[in-house]
Amino acid sequence: MPVPSAEPEDSSSSAALKTRFSEKWQSLSNNTRGICWALLATFLMAVMSTIIKLLGDRLHVTQILMLRQLFMLAISAPIIIRGFPGSLKTQAPLLHLGRILLASSAMYLGFTAVIHLPLAESTVIGFARTFFITIFAVFLLKEVIGIHRISATALGFIGVMVIAQPGSGAEMSIYSLMAILASACAALVGIILRKVTQVDKPITILTFQATFVGLIMAPFGLYYWVSIDLNDATMLLLLAGVSWGAQMSNIQALKFGEASAIAPFDYIRLVYAVIISVVIFGVWPLWTTYLGGVIIVAASLYTLHRETVLGKKVATGTAPSKTH
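Residues numbered from 1 in each chain as written. Predicted model: local features only at pLDDT ≥ 70, side-chain atom pairs only at ≥ 80, totals over all residues. Heavy atoms only, no water.

Running from N to C, helix H8 (residues 174-196) and helix H10 (residues 230-256) cross one another at 65°; their axes reach a closest spacing of 8 Å. The element H8 and its partner H10 pack so that their crossing is right-handed. Listed contacts from H10 to Gly 190, Leu 193 and Arg 194 of H8 are Asn 250, Ile 251, Leu 254, Lys 255 and Phe 256. Of the residues that constitute the contact of H8 with H10, the class distribution is four nonpolar, two polar and two charged. (Axes fitted to C-alpha atoms, helices over the stretch in contact; angles between N-to-C directions. Helix = DSSP H or I, 4+ residues; strand = E, 2+ residues; numbered from the N terminus. Left-handed = near helix turned anticlockwise from the far one by under 90°. Contact = heavy atoms within 4.5 Å. Nonpolar A, V, L, I, M, F, W, Y, C, P; charged D, E, K, R; others polar.)

Below you can see the structure in the form of structure tokens.
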């Protein structure tokens, strides 16, 4: 006697689960959805930094960047070809030009800092981006930020200061300065992304950056070229895949959420960096890192709670204006 197939039931259960998830996702506020994408982006960025640091022991930063952008373009190629020419059509060419120049600067400066500084230190300095992006969001995007979001951002930065311990006598190196400048450039890229995501497709945004940043880095990458082995090639491919995922997640985060709302969640990357430092590099953090990490996570979770509550109030028409 034949056994009835379970495929229809499994397919029905899968469809029902997908529908429930979609309904739950759609019920969230735009800022909450942006925050979820930002959490994924920060994790992938931490993994990306780790791979860059490992590759930096052998390869020049411009060679890493050139090959990374080339592989990211290859990953995007099927989507680009399938949607061509619409996948390359943009309504904001000047914004893309500014973004490409700023992204090139941010990547070169930031990658160099990651390679030469301890991972936790470069990550902490990179959090200056939160201040830059909040300020730029107010002046360039005309976003209105209230006491709750300002408090969460300030609390998160206090956690960073607990870890960084400014005034401890350590001199600022050229690589630390490069990390700060990279943060400023990255913040401006984020502001431009907030504008561009409203008019262009994510694949268009990613394609322009992957192509033109790669072209900018190509002359320098070829000049500093070092032959790569199978291990290098594997890590470069992994770097491209992780970077592609991180950028797509970041684009989605900025598409849904206000720039200043998702900014505090960049602090979570420090938690990832500490775990990676211990597991891969064998560097244990000081007690201040744990204390600062608790403060940072608390600030981020508070913002998530506030945005979730606000989303529910908006849905019921009871949300106060300009207080979040």
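Looking now at the packing of helix H4 (residues 93-116) against helix H9 (residues 202-223). The description of two packed helices rests on the angle between their axes and on the distance between the axes. Running from amino to carboxyl end, H4 crosses H9 at an angle of 55°, the nearest separation of the two axes being 9 Å. Judged by the angle between their axes, H4 and H9 are oblique. Crossing hand, H4 versus H9: right-handed. Where H4 abuts H9, its residues His 96, Arg 99, Ile 100, Leu 101, Ala 103, Ser 104, Met 107 and Tyr 108 lie against Ile 205, Phe 208, Gln 209, Phe 212, Val 213, Ile 216 and Met 217. Looking at the contact of H4 with H9 residue by residue, the class counts come to eleven nonpolar, three polar and one charged. (Parallel < 35°, antiparallel > 145°, perpendicular 65-115°, else oblique.)

Per-residue pLDDT for the chain averages 78, and the proportion of residues at 70 or more is 83%. The secondary structure element of the chain with the lowest average pLDDT is helix H13 (residues 287-316), at 67, and the one with the highest is H4, at 90. In the model, residues 314-318 has pLDDT below 50 throughout and makes two contacts with residues more than four positions away in sequence or in other chains. Long-range and interchain partners of residues 320-324, a stretch whose pLDDT sits below 50, account for 13 contacts in this model, where long-range means more than four residues apart. (pLDDT = per-residue confidence, 0-100.)

Our next topic: the pattern of salt bridges. As enumerated under the stated definition, the model contains one salt bridge in all. Linking Arg 58 and Asp 232 is a salt bridge whose minimum nitrogen-to-oxygen distance equals 2.5 Å. Taken together, the residues span a long stretch of sequence, with Arg 58 in the loop between helix H2 (30-55) and helix H3 (61-83) and Asp 232 in helix H10 at a distance of 174 residues. (Salt bridge = Lys/Arg side-chain N within 4 Å of Asp/Glu carboxyl O.)

The next subject is the environment of Val 47. Relative to the helices and strands, Val 47 resides in helix H2. With relative accessibility at 21%, the residue Val 47 sits in the partly exposed group. For the pair Val 47 and Ile 276, spaced 229 residues apart in sequence, the C-alpha to C-alpha distance is 8.1 Å. Once residues lying within four places of it in the same chain are set aside, the contact partners of Val 47 are Val 242 and Ile 276. (Buried < 20%, exposed > 50% of the residue type's maximum accessible area, 1.4 Å probe, protein only.)

So, about the environment of Met 217. With respect to the element layout, Met 217 can be found in helix H9. Met 217 sits 113 residues away from Ser 104 along the chain, and the two C-alpha atoms are 8.0 Å apart. Contacts of Met 217, omitting those with residues within four sequence positions, involve Thr 62, Leu 65, Met 66, Ser 104 and Tyr 108.

Here we come to the packing of aromatic side chains. Going through the model one piece at a time under the given rule, you end up with three aromatic pairs. Arranged with centres 6.1 Å apart and planes meeting at 25°, the rings of Phe 208 and Phe 212 form a pair that is stacked. Within this pair, Phe 208 and its partner Phe 212 are both found in helix H9, separated by four residues, close to a single helical turn. (Phe/Tyr/Trp six-rings, centres within 6.5 Å; stacked < 30°, edge-to-face > 60°.)

Here the focus is the nonpolar core. If you look at the biggest cluster of nonpolar residues, it comprises 37 residues, and the most contacted ones within it are Ile 52, Leu 55, Ile 64, Leu 236 and Leu 239. When contributions to this core are tallied by element, the ones reaching two or more residues are H2, H3, H4, H8, H9 and H10. Top element by residues in this core is H10. It accounts for eight residues. Residues contacting Ile 64, with those up to four places away along its chain left out, are Ile 52, Leu 55, Gly 56, Leu 59, Ile 115, Leu 236 and Leu 239. (Core = buried A, V, L, I, M, F, W, Y, C linked by side-chain atoms within 4.5 Å.)

So, about the side chain of Asp 232. You can call Asp 232 buried: its relative accessible area is 4%. When neighbours within four sequence positions are excluded, Asp 232 is seen to be in contact with Leu 55, Arg 58 and Ser 227.

The terminal C-alpha atoms of H10, which comprises 27 residues, lie 39 Å apart, in line with the 39 Å expected from a rise of 1.5 Å per residue. You can read the cap of H10 off the contacts: a side-chain oxygen lies 3.2 Å from the backbone nitrogen of Asn 231, and it is on Asp 229. (Expected span 1.5 Å × (residues − 1). Polar contact = N/O pair within 3.5 Å; in protein donor to acceptor, adjacent residues only side chain to side chain.)

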